[in-house]
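# Descriptive structure summary
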Amino acid sequence: MIVTRFAPSPNGMLHMGHAFSAITAHDLAVNAGGRFLLRIEDIDGVRSKPELADAFREDLAGLGLGWEEVAAQSKRTDTYTAAAHTLREAGLLYPCVCSRADIAAAASRIGAEGPVYPGTCKGKMLPADTAAVWRLDVREAISRTGDLQWNDALAGRQNADPLALGDVVIVRKDEPASYHLAATLDDAADGVTLVTRGADLFAATHIHRLLQALLDLPVPRWHHHPLILDEQGRKLAKRRGSQSLADLRQSGLDGQQLGTELRAGRYTVSPDTPYRNS
Ligand code: GLU
């Protein structure tokens, strides 16, 4: 059975790009007799606004979608802490105190998530009570798992290339997990078989595949869909003034009609999906 999910973070209202993502995930599961899940990704306690979860439910209902809601990330912190402990005990995490500016200054390349962390703190001894993030030692991790592959429904078979993102953060300073760890554990716990999300997260999957191997989790398939772009050809973003679904409804847009148009490909979809993180 196909199980997909829509996993929005409640740090801003949903826009048309989210609607396309939700509809894609919904249809891939439901048209095949499967299940479509909603998971609120509120691991970021500082940026998350709890009231937005209700707004998201209204948005999905407005699009005419049905869903099953699974536990929000804020309810799953024990699982994250346990997995981080396993990785740390295995010698695969190290603490890092670099600021964004430190990383930008030291990085020699830019990856899909910005400047790639060059490993400055690896091997350094820090006082036990130092406030630090914990990063995955990707080279060490790969040496334990060997080469890995994963499958994308649109882009085909991929050789996992977790080094492309570098030693990503696994445990944040004030949170038990980063997006990478939390989403990977959640998808496994929720029985997701087809991880459906935007192509902007394509490179993250290299890391997720590695985490699955390290933590002995089931390996799903992925479907990274193209992104809806604005008139300037940019990814939609609330901060750039992309209209929210709630605003669009307010100004008279019929959500079900929008769903029909999105399914028909009426809105520009990025032609050059960033499938590779080169
Ligand atoms: N919570 C993420 C976001 O809102 C989505 C993560 C995912 O689909 O894996 O961008």
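What comes next concerns the included structure. (Residues numbered from 1 in each chain as written. Predicted model: local features only at pLDDT ≥ 70, side-chain atom pairs only at ≥ 80, totals over all residues. Heavy atoms only, no water.)

## With respect to the packing of helix H6 (residues 179-189) against helix H7 (residues 204-214)
Where H6 contacts H7, the two axes come as close as 10 Å, and the packing angle between them is 60°. On the basis of the axis angle, H6 is oblique to H7. In the crossing of H6 with H7, the sense of the turn from one axis to the other is right-handed. Touching Tyr179, His180, Leu181 and Thr184 of H6 are Ala204, Ile207, His208, Leu211 and Gln212, all from H7. Classifying every residue of the contact of H6 with H7 by side-chain character gives 5 nonpolar, 4 polar and no charged. (Axes fitted to C-alpha atoms, helices over the stretch in contact; angles between N-to-C directions. Helix = DSSP H or I, 4+ residues; strand = E, 2+ residues; numbered from the N terminus. Parallel < 35°, antiparallel > 145°, perpendicular 65-115°, else oblique. Left-handed = near helix turned anticlockwise from the far one by under 90°. Contact = heavy atoms within 4.5 Å. Nonpolar A, V, L, I, M, F, W, Y, C, P; charged D, E, K, R; others polar.)

## Thoughts on the site of the ligand
All residues in the neighbourhood of the ligand are listed as Arg5, Ala7, Pro8, Ser9, Glu41, Tyr179, Arg197 and Leu201. The contact in question runs from an oxygen atom of the ligand to an N or O atom on the side chain of Arg5, over 2.8 Å. At a separation of 2.7 Å, an oxygen atom of the ligand approaches a polar side-chain atom of Tyr179. Contact with the protein chains removes 76% of the 300 Å² of surface that the ligand exposes when unbound. For the shell around the ligand, the per-class residue count stands at 4 nonpolar, 1 polar and 3 charged. (Near = heavy atom within 4 Å. Polar contact = N/O pair within 3.5 Å; in protein donor to acceptor, adjacent residues only side chain to side chain. Areas by Shrake-Rupley, 256 points an atom, 1.4 Å probe, with all protein chains shown as cover.)

## Describing the side chain of His180
With respect to the helices and strands, the residue His180 is situated in helix H6. Looking at His180, its side chain comes within polar contact range of the side chain of Glu113, at 3.1 Å. Once residues lying within four places of it in the same chain are set aside, the contact partners of His180 are Glu113, Leu165, Val168, Val169, Ala204, Ile207, His208 and Leu211.

Taken by themselves, the reported measurements are silent on function.
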